[in-house]
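So the chains spell out like this:
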Amino acid sequence: CETPEIAYLLGILWADGYVEKKVFRITFSNLESDANAIESLVMKTGKWSVRAWQPSGKRKKQKGFTTSNKTIHQFLSNNDYQSKSVSSACKILNCIPEKLHCYFWRGYFDGDGCIHNRSRNGGHSSSMSLAGSFNQDWTFVEKCFENLNIQFKVQKRTYKQHKSSCVVIHNCNDINKFFKFIYPDNKYDGIGFERKYKKFIEMISNCSESKYQAVRNII
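Reading the values: the criteria
Residues numbered from 1 in each chain as written. Predicted model: local features only at pLDDT ≥ 70, side-chain atom pairs only at ≥ 80, totals over all residues. Heavy atoms only, no water. Helix = DSSP H or I, 4+ residues; strand = E, 2+ residues; numbered from the N terminus. Rg over C-alpha atoms; globule rule 2.2 N^0.38 Å. Buried < 20%, exposed > 50% of the residue type's maximum accessible area, 1.4 Å probe, protein only. Contact = heavy atoms within 4.5 Å. Areas by Shrake-Rupley, 256 points an atom, 1.4 Å probe, with all protein chains shown as cover. Lys, Arg positive; Asp, Glu negative; His and termini not counted. Charge placed at Lys NZ, Arg CZ, Asp CG, Glu CD. Polar contact = N/O pair within 3.5 Å; in protein donor to acceptor, adjacent residues only side chain to side chain.

Draft legend 1. The overall build of the protein, seen in detail. Secondary structure summary: the protein contains 8 helices and 8 strands in total. Expected size for 219 residues packed as a compact globule is a radius of gyration near 17 Å; at 18 Å, the protein falls within 12% of this value. Taking the principal axes of its C-alpha atoms as reference, the protein extends roughly 65 × 40 × 40 Å. Across the 219 residues of the protein, 41% fall into the buried class. Sequence-distant contacts, at least 24 apart, represent 61% of the contacts inside the protein between residues at least 6 apart. Element-wise, carbon and sulfur atoms account for 48% of the exposed surface of the protein, whose accessible area totals about 12,400 Å². The distance from the centre of the 33 positive side-chain charges to the centre of the 20 negative ones in the protein is 7 Å.

Draft legend 2. Representation of helix α3 (residues 70-78). Two to three positions downstream of the cap, the backbone nitrogen of threonine 71 sits 3.1 Å from a side-chain oxygen, assigning the N-cap of α3 to asparagine 69. Looking at the residues trailing α3, positive phi occurs at aspartate 80, about 75 degrees.

This is the structure:
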C-alpha cells in the first residue's frame, strides 16, 4: 500500500469489490464509461482480465475486472473484504499510510458515493451520501468525518423487501471539506472518475451562487 493507485484500488474494492470464498478470485465492475476511466490504473496493479457486457433491460453497459491471486486474496480476506457489507474499513485503513488515505476515500466514494445537486423554486440544495447495507458498520466513516469536523447523519431505509443505510451530509461547507480531503490541492490528478470530481465542482459553484443570491436578496 505504498502508491496512490493501490490505495485508490483498495477503496473502490471496498465499495464494489467481491472477494470470493471458495476460490482465490477478486472481481469488481462499474459502468463501462467509469471502468474505462480507471482501466489503465487497474492494469498497473497486477494481472487483471477485463470483460464488458450489456445487462438486460435498459441498463447501461458494464465492464468488469477479475484477478486470481492467493496472496492478495488472503490479504483482503484478513482485512474484512469478505464481510465488508457488515464491517468497518478500519483494518484496511490501518494498512495504508495516512498520506494516502485520501486516495482510499476517493476510490470508496467513486464506488459508493453520490452528489445530489437540486434546483427548485429558484433555490438550490446539495447533499452528499455514502451508500451501504442495512447493517453496515459505519465506524470508519464516523471517525473520518469527525476528524474532518464534518456534520453527518446515518439513515436506515426499508423499501418493500430492500433494506439499506447511508451516511448523508447536507451542508455545503461540510461537503467541501470532504472534497478538499479526497482531492488534495482541489485538483483532479487523473486517478479516479473525473465525472465525480466535476460533480463536486458543480456543487461548490452552485452553493457559492446560492450564497451570493441570498446576500443580494437581503441587500
